[in-house]
Every structure is written in C-alpha cells, then in structure tokens.
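# A closer look at the structure
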Amino acid sequence: MYNRGFYVKKKVDNYCVLDIETTGLSWQDDAIIEIGILKIRNNKIVERYSQLIQPHIRISAFITQLTGITNEMVRNMPSIDEIKEDILHFIGNDIIIGHNTSFDLNFIANHFEIDLKNQYMDTVQFSRLVYPQLKHHRLSDMVEYLHLSNNEHRALADCISTYELYENCKNELIKKRYF
C-alpha cells in the first residue's frame, strides 16, 4: 500500500480540490473512471482538469445510475497510466482538499503506484467542526444544508461543491477565531 500524503488542518488560499469517480469502493478491486481537479489561487478557481478514464473493467449498472458514466463513455478514453503524469503535474506540490479525501488519495496513490508527498485536508472534518449539530456530513447533505452548487456524483461538479464547502467552513472558522 502506497502513502496517500500527510493530513493537516489549516487555512489555505492556494490549493487543489480533487475528486474521483470509481467502479466501486475498494482500491484493490475497483478502478478510477473519472478524475476532476480544481486549481485554486487566492481563493478563486483559476484552472480545471477533468478526464474520463478507461477502467479496463466493466462499470456496473449501479455505478452508471449513480454517476451517469457508462461503459460506452469510457471505451476510448485514456488509461490511468496515460494521464498519470498530467495529473501529478497539475497538482504539483499543492495541498489537496477533498470530501473524504483518504478514499480518493488511496485510489490515486495505489493506482499510480507512488507515495504521495502532498499535504491533504478533508472537508468532512471541517464540516463536523463547524456544523456539529448536523447528523450527517456527506457532501450531498452539506450541499443541501448550505445551498451550495449541485452535487452530482461527477468528479468536477463534486470538486466545485467541495471548494464551496471548504471556503464556507474556512470563513466560519475565521469568524470563530479557530484560524
């Protein structure tokens, strides 16, 4: 098992938001079918990366229903090995932010077969800190509660929701003098 990076909690204005869609929940048995990344500078989206990926395994009807990604959509897409360098270059040394980030980074590290050196943060942890009264902190719950951009179970759309959630939590934590 490869290292997924180093968990931190801090206020940042420059970072990358990352989300993947997969054929299932196990990085050992499943494959990445889509990756989305936003590059944030001074709290603003300055660049986007989005790519469907040929998983070399069948996408189940359940995953297609959840994500809208079909076997036909990924048939002629590049493999993970073909886009690995582009993704690593896009992220660079940035802090990576995601919602349940360890899931995404376990897939990335192990499918890329590299130890990630980046620091990462998880908006699940920030939302639990800022909104402890909520029973659930799933991205869909936070989108609904805070009226964020629609969460669609597509990588780039989920990145936008996660970016908005982090900025919301960061502003609340600044008000509470946490940062």
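I will try to describe carefully the structure that is included in this document. Predicted model, so just to flag it, every value in this text is computed and none were measured. (Residues numbered from 1 in each chain as written. Predicted model: local features only at pLDDT ≥ 70, side-chain atom pairs only at ≥ 80, totals over all residues. Heavy atoms only, no water.)

With that settled, the discussion passes to helix α7 (residues 155-175). For α7, built from 21 residues, the straight-helix expectation of 30 Å at 1.5 Å per residue is met to within 8% by its first-to-last C-alpha distance of 30 Å. Following α7 by one or two positions, arginine 177 adopts a phi angle in the positive range, close to 60 degrees. (Helix = DSSP H or I, 4+ residues; strand = E, 2+ residues; numbered from the N terminus. Expected span 1.5 Å × (residues − 1).)

So, about the packing of aromatic side chains. Using the criterion set out here, one finds six aromatic pairs in the structure. A centroid spacing of 5.8 Å and a plane angle of 50 degrees characterise the contact between tyrosine 49 and phenylalanine 90, whose relative ring orientation is tilted. Of the two residues, tyrosine 49 sits in strand β4 (residues 44-52) while phenylalanine 90 sits in helix α3 (residues 80-91), which places them 41 residues apart along the sequence. Of the residues examined, phenylalanine 90 reaches a relative accessible area of 7% and is grouped as buried. (Phe/Tyr/Trp six-rings, centres within 6.5 Å; stacked < 30°, edge-to-face > 60°. Buried < 20%, exposed > 50% of the residue type's maximum accessible area, 1.4 Å probe, protein only.)

To continue, consider unusual backbone geometry. You will see that asparagine 42, though not glycine, has its phi angle at about 50 degrees, which is positive. Along the chain, asparagine 42 falls in the loop between β3 (32-41) and β4. The phi dihedral of glutamate 113 is positive, around 55 degrees, even though this residue is not glycine.

Below, the discussion takes up the nonpolar core. The nonpolar side chains of soluble globular proteins are, as a tendency, buried together. In terms of nonpolar packing, the biggest core is built from 25 residues, with Tyr15 and Met121 touching the most fellow members. Residue assignment for this core shows that the elements contributing at least two residues are β2 (15-22), β3, α5 (123-130), α6 (139-146) and α7. With seven residues, the single largest contributor to this core is α7. Filtering out sequence-adjacent residues up to four positions away, methionine 121 remains in contact with Tyr7, Val8, Lys9, Lys10, Val12, Ile95, Ile96, Ile97, Gly98, Thr101, Phe126 and Tyr166. (Core = buried A, V, L, I, M, F, W, Y, C linked by side-chain atoms within 4.5 Å. Contact = heavy atoms within 4.5 Å.)

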